[in-house]
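# Structural overview for review
The chain contents come next:
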Amino acid sequence: MSSNKMENADGHLVATLQDSLSKLPASMVCFSQSLRHLFNENKVTGQDEATKTYLEVRDNTRQNAVVYTEKLLPLSEKVVRSIGYFADYFEDLEFEDWSECLDDLIDDVEKAEGFCDLLKHMHNTMITNLKANEDKAKVGIEMLEKMSLQYERDSQDLKSKALERTDSAETTRTWGNIFAPLTMGISKAVCDSIARQGDIVAKESTALATAKKENADIAQEAVALTSTYLIPAVKDFVAGLEVCSMFLNVTKERLTKMKNQGSKGTKKPYYLMMKKQSTEINRNCMKFLSITDMMRTDLQSIPSDVSDKNYVDTWLDQQLEEFRKQHHDASFLETSKKWFKSIRMGSVKKPSPSNQSLGQAL
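Residues numbered from 1 in each chain as written. Predicted model: local features only at pLDDT ≥ 70, side-chain atom pairs only at ≥ 80, totals over all residues. Heavy atoms only, no water.

Within the protein one finds ten helices and zero strands. Each helix and strand of the protein, ordered N terminal to C terminal, gives the series α-α-α-α-α-α-α-α-α-α. Here the protein holds 362 residues, and the buried ones make up 47% of them. The contacts in the protein between residues at least 6 apart in sequence include a share of 86% that link residues at least 24 apart. Accessible area for the protein stands at about 18600 Å²; split by element, carbon and sulfur atoms hold 52% of it. (Helix = DSSP H or I, 4+ residues; strand = E, 2+ residues; numbered from the N terminus. Buried < 20%, exposed > 50% of the residue type's maximum accessible area, 1.4 Å probe, protein only. Contact = heavy atoms within 4.5 Å. Areas by Shrake-Rupley, 256 points an atom, 1.4 Å probe, with all protein chains shown as cover.)

Rendered as structure tokens:
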């Protein structure tokens, strides 16, 4: 490939990365806010089969939210930070100093690529879990839609009965008043008592009708949130991770080739191109990182269950083992385990590229 074509390819790759990084926050915010709204505002209630089926699917999604809060969100931050750290080398170092860092950069980018691939694997597992329940989710949604229509019909029936009870109560009071003089007021007392019972039944019927109507509205909105926003948001994020992974992979190969060639011929144009782009890359990385606290707040507002801790730990162990089997890399597995342990203890900090390599941060 000629130098001009290579520069054009590098420029296109960076532009694609920039576009992906700029879009990642939107899908992440959509995911977290949809979950929060689903659990904290759209509280479907009831003991009917349709509601139980939907709540079972929703609770599976809730567990995914807990996994995301404790594992995937920190790892997402790590991958985006690693790209920002990479850009720092171009922004902070002169060409000669940068050239001397190639060995470190190659090793660091390779580690960052590994974590990005692990993050993709975890997101794809989440989608696989959702798809495994897809039939049940579809059944639940269909049942909820039918339930919504039934609630509407029940609501109208109950309101009609409530109106009948109210009319009956008023009629009873009227007759009681008519016969009151003839019965020394006894008929009025009896009819008033009967009328009060009618009022109570009418109010209960109205309240039940209102509750069923609210359940119908909530069910409809919950269905829309799940199918229209939640799952598509995860898929959009995975698509963004694919771009990040491709960037890291191509960058690793590009740097390795530069190192092996050992001349400034290919290094300098690449360095200058990346130096021009580094500020924008860092800006997009910071844009992503600036919304993660809001996401964390959204996700942490979702009610948890005592079983969630064991679920999260078991899920993580399974994902790391599956990733090791797919990639045949036991050393990276140990690196990943140490990192997840470090975030639990809050010991991850951002270094300065002028005095510490990216790999030490990773």
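This part takes up helix 8 (residues 308–327). Residues three or four positions apart in an α-helix share a direction because the helix packs 3.6 residues into each turn. Its 20 residues place the ends of helix 8 28 Å apart at the C-alpha level, agreeing with the 28 Å of an ideal helix rising 1.5 Å per residue. Buried within helix 8 we find Asp 308, Val 312, Trp 315, Leu 316, Gln 319, Leu 320 and Phe 323. Down the axis of helix 8, the smallest arc covering the buried residues is 130 degrees, so these residues share one side. In helix 8, the exposed positions that point more than 90 degrees away from the buried face belong to Asn 310 and Lys 325. (Expected span 1.5 Å × (residues − 1). Arc of directions from axis to C-beta.)

Counted according to the given criterion, the structure contains ten salt bridges. Of the charged contacts, one joins Arg 324 and Glu 321 as a salt bridge, the two residues approaching to 2.6 Å between their closest N and O atoms. Of this pair, Arg 324 and Glu 321 both sit in helix 8, separated by three residues, roughly a single helical turn. With relative accessibility at 30%, the residue Glu 321 sits in the partly exposed group. (Salt bridge = Lys/Arg side-chain N within 4 Å of Asp/Glu carboxyl O.)

Here we come to the packing of aromatic side chains. Applying the stated criterion to the full structure yields 15 aromatic pairs. Here the aromatic rings of Phe 237 and Phe 288 are separated by 6.4 Å at their centres, their planes lie at 20 degrees, and the arrangement is stacked. Here Phe 237 is found in helix 6 (residues 186–261), whereas its partner Phe 288 is found in helix 7 (residues 264–300), with 51 residues between them in sequence. Judged by its relative accessible area of 0%, Phe 288 falls in the buried class. Among the aromatic residues, those joined into a cluster by ring pairs are Phe 86, Phe 90, Phe 95, Trp 98, Phe 247, Tyr 270 and Tyr 271. A cation sits over an aromatic face here: Lys 78 above Phe 115, 4.4 Å from the ring centre. (Phe/Tyr/Trp six-rings, centres within 6.5 Å; stacked < 30°, edge-to-face > 60°. Lys NZ or Arg CZ within 6 Å of the ring centre and 35° of its normal.)

Attention now goes to the confidence of the model for the protein. Predicted confidence across the protein gives a mean pLDDT of 75, with 62% of residues reaching 70 or more. The secondary-structure element of the protein with the lowest mean pLDDT is helix 10 (residues 358–361), recorded at 41, while helix 3 (residues 95–99) shows the highest, at 92. Contacts from residues 182–188, a stretch scored under 50 in pLDDT, to residues over four places away or in other chains number seven contacts. Within the model, the stretch residues 347–362 combines pLDDT values under 50 with 36 contacts to residues more than four positions away or in other chains. (pLDDT = per-residue confidence, 0-100.)

What follows concerns the side chain of Thr 125. Along the polypeptide, Thr 125 turns up in helix 4 (residues 102–132). Thr 125 gets classed as buried once you look at its relative accessible area, which sits at 13%. At a separation of 2.7 Å, a polar atom in the side chain of Thr 125 contacts the side chain of Gln 319. Filtering out sequence-adjacent residues up to four positions away, Thr 125 remains in contact with Trp 315 and Gln 319. (Polar contact = N/O pair within 3.5 Å; in protein donor to acceptor, adjacent residues only side chain to side chain.)

Ranked by internal contacts, the top residues of the largest apolar core, which has 71 residues, are Tyr 68, Trp 98 and Leu 255. For this core, the leading source of residues is helix 2 (residues 49–92), giving 14 residues. Residues contacting Trp 98, with those up to four places away along its chain left out, are Tyr 89, Phe 90, Leu 93, Leu 105, Leu 255, Met 258, Lys 267, Tyr 270 and Tyr 271. (Core = buried A, V, L, I, M, F, W, Y, C linked by side-chain atoms within 4.5 Å.)

A separate point is the side chain of Glu 77. Position of Glu 77 relative to the elements: it lies in helix 2. A polar contact of 2.7 Å, which involves the side chain of Glu 77, links it to the side chain of Thr 292. Once residues within four sequence positions are removed from consideration, Glu 77 is found in contact with Phe 288, Leu 289, Thr 292 and Arg 296.

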